[in-house]
Amino acid sequence: MRAPWHSYGFVTQMPHMAPGEKLSEVELLKQLAAYQWESIARMLERKPSEIASDQGDRLYGSVIDVEVHFAPQHGLEVFGEDADVHVRNRVTLYAKKFVEGLFVIDDREIPDSLVATIKSRDDMASLRTSWACMTNAFIVRSGGNVKLKVFKPAGIDEERVEPMRSTPAGIRLQGRAQETGEVEPLGGPEGIALRDVRPQERIVYTIVPESDLNGAGLVYFARYEAMMNYGERIFLCQHLATPVSNELVACLSTEHRRALFFANASATDRVEARVSATLLPPGRFEPRQIPGGYRTPFKLDFRIDLYRESDGTLMASSRVRKALNVPGSAKAVWNEASRLLRALGVEPDAGKENR
């Protein structure tokens with residue numbers, strides 16, 4: 001049988017939110033990963049905590065890649081406090097050791113007729129609503145976080161759904177990135193490179209076991225994105241000729257992220273974030289239709305790589321596009337954004353509110 005589409009959802013409350021009264025991308029990714037693991041458990045007809053190898057070792061779903069894209073009518077601000085977040089998820093097995101999951105995300109119920117049109121990951125880009133993709137490997141944690149082994153779950157030979165015949169895109173993208181160092185760009189117009197005026201000053205994040213490790217003692221994949229956000233903030237606030245404020249950074253809202261994961265780290269390690277960014281000024285993008293009087297003076301495309309400080313191992317790479325969605329009341333942030341544009345030789349837009 002073909003894999004079914006499962007229905008999930010939650011109401012956004014303070015634990016799900018980031019500064020700026022919007023849904024936190026990090027917390028959303030946690031929710032999506034939990035839904036995917038539940039879908040995997042349903043496929044295997046057992047509790048999530050009972051997924052184990054033939055040898056009886058507890059298995060976990062290590063994330064190989066994740067891609068999330070927010071539709072023009074959404075933006076994280078739309079999923080603010082008390083918003084309904086509806087999610088449909090389908091998982092498919094590959095080689096009995098990997099799972100590809102597809103997600104459709106909306107602030108309204110998602111009809112069966114919509115998900116019925118989705119045959120593969122390639123179909124996601126044509127959706128008019130928000131979506132995500134995630135690839136997992138079944139792994140055993142043995143002897144620490146540095147070396148993780150891939151296993152097949154017990155009972156998986158009794159296939160309950162039709163397996164994938166071709167290699168999942170996440171596995172292909174991860175392998176290509178490991179071989180070449182390149183991460184497939186998000187596409188779109190060319191931007192203005194932001195010059196790092198302090199390249200000699202590394203951006204280093206110290207792993208915090210109380211918040212960065214999951215129940216298995218592994219650095220959780222969603223916390224990689226949190227580390228990337230930290231790197232972006234330090235880069236923008238401390239490494240530019242015209243640095244920006246934390247208030248401006250809080251107005252950045254993810255539109256599209258593609259992230260690949262390669263390695264974990266011990267609880268006592270530190271992570272170096274290497275960040276580069278380009279700015280899309282007015283006229284190089286279509287404004288989003290986000291209700292609430294937001295204005296978008298520019299967008300930023302980031303490339304972030306995370307390295308394990310102890311041995312220089314590449315842990316993760318990401319490309320992400322973020323819009324600076326400024327509330328109508330945040331005039332200081334709007335003026336700050338205008339100063340940055342002028343410093344780059346760009347005349348700011350008059351800044352009509354997104355309606």
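The present account deals with the structure reproduced in this document. Counting restarts for each chain, with residues numbered from 1 along the sequence as it is written. Owing to the predicted nature of the model, reporting of local features is limited to residues with pLDDT of at least 70; listing and counting of side-chain atom pairs is limited to 80 or more, with chain, interface and lining totals taken over all residues. Excluding hydrogens and water, the side-chain values take into account all heavy atoms of the structure.

## Some points on the nonpolar core
Ranked by size, the top nonpolar core spans 67 residues in total, and within it L32, F221, L236 and L306 carry the most contacts. A total of 10 residues in this core trace back to one element, the largest contributor, which is helix α5 (residues 221–238). The residues touching L306, leaving out its near neighbours within four places in the chain, are Y224, M227, M228, V271, E272, A273, T313, L314, M315 and A316. Among the nonpolar cores identified, the runner-up in size contains 13 residues, and W37, A41, V91 and V99 belong to it. Among buried residues, the Ala, Val, Leu, Ile, Met, Phe, Trp, Tyr and Cys ones that are joined through side-chain atoms within 4.5 Å form a nonpolar core. Each residue's exposure class comes from its accessible area (1.4 Å probe, protein chains only) as a fraction of the maximum for that residue type: buried when under 20%, exposed when over 50%, partly exposed otherwise. Helix and strand labels come from DSSP, where a helix needs a run of H or I of at least four residues and a strand needs a run of E of at least two; each type is numbered from the N terminus. Here, residues are in contact when the closest pair of their heavy atoms is within 4.5 Å.

## Re the layout of surface pockets
The gaps of empty space that remain are located by a probe, the size of a water molecule, rolled over the atoms. Quantified by volume, the largest pocket comes out at close to 730 Å³. Along the wall of the largest pocket there are 35 residues; nearest its centre are G61, S62, V63, I139 and L218. Of the residues in the lining of the largest pocket, the class split is 23 nonpolar, 10 polar and two charged. Roughly 550 Å³ of volume is contained in the second largest pocket. What lines the second largest pocket is a set of 25 residues, among which A18, P19, N229, V249 and K322 lie closest to the centre. Within the residue set of the lining of the second largest pocket, elements represented by two or more residues are β2 (17–18), β3 (22–23), α1 (25–44), α5, α6 (246–249) and β11 (252–261). For the lining of the second largest pocket, the element with the highest residue contribution is α5, accounting for seven residues. Considering only residue class, the lining of the second largest pocket consists of 13 nonpolar, five polar and seven charged. Here the term cavity refers to a set of points on a 1 Å grid, laid over the protein atoms alone, in which a 1.4 Å probe fits but cannot get out; the term pocket refers to an open set having protein on both sides within 12 Å along at least five of seven lines, with lining residues being those that place an atom within 4 Å of a point. Grid points are joined across faces, edges and corners, and a volume is the space filled by probe spheres set on the points. Each residue gets one of three labels, nonpolar for Ala, Val, Leu, Ile, Met, Phe, Trp, Tyr, Cys and Pro, charged for Asp, Glu, Lys and Arg, and polar for the others, Gly among them.

## Focus on the state of the cysteines
Cysteine sulfur atoms that come within 2.5 Å of each other are treated as a disulfide pair. Summed over all chains, the structure comprises zero disulfides. Just so you know, C237 is unpaired, no disulfide at all, and the nearest cysteine sulfur is the one on C251, 12 Å from it.

## Regarding a negative patch on the surface
Residues E21, E81, D82, D84, D107 and E109 make up a contiguous surface patch of negative charge. Note that E81 resides in the loop between β4 (60–69) and β5 (84–94). According to the relative accessible area criterion, E81 is partly exposed, its value standing at 42%. Each patch groups residues whose relative accessible area exceeds 30% and which form no salt bridge, using 9 Å between like charges and 5 Å between nonpolar side chains of Val, Leu, Ile, Met, Phe, Trp and Tyr. The Shrake-Rupley method, run with a 1.4 Å probe sphere, supplies the accessible areas, and residue values consider only the shown protein chains as cover. For this analysis, a salt bridge means a side-chain nitrogen from Lys or Arg found within 4 Å of a carboxyl oxygen belonging to Asp or Glu. Neither His nor the chain ends contribute to the count of charged residues, in which Lys and Arg are positive and Asp and Glu negative. The atom standing in for a charge is NZ when the residue is Lys, CZ when it is Arg, CG when it is Asp and CD when it is Glu.

## Some remarks on the pairing of strand β7 (residues 130–141)
Counting buried positions over the 12 residues of β7 gives 11, a clear majority of the element. The rule for pairing is simple: two strands pair if DSSP sees at least two bridges between them. Pairing geometry for β4 and β7, over nine bridges, is antiparallel. Within β7, the residue paired with H69 across the bridge is W131. Inspection of the sheet shows strand β6 (residues 98–106) paired to β7 by eight bridges, in the antiparallel sense. Along β7, the bridge assignment pairs G101 with M134. Pairing geometry for β7 and strand β8 (residues 148–150), over three bridges, is antiparallel. Bridge assignment links I139 to a residue of β8, and that residue is V150.

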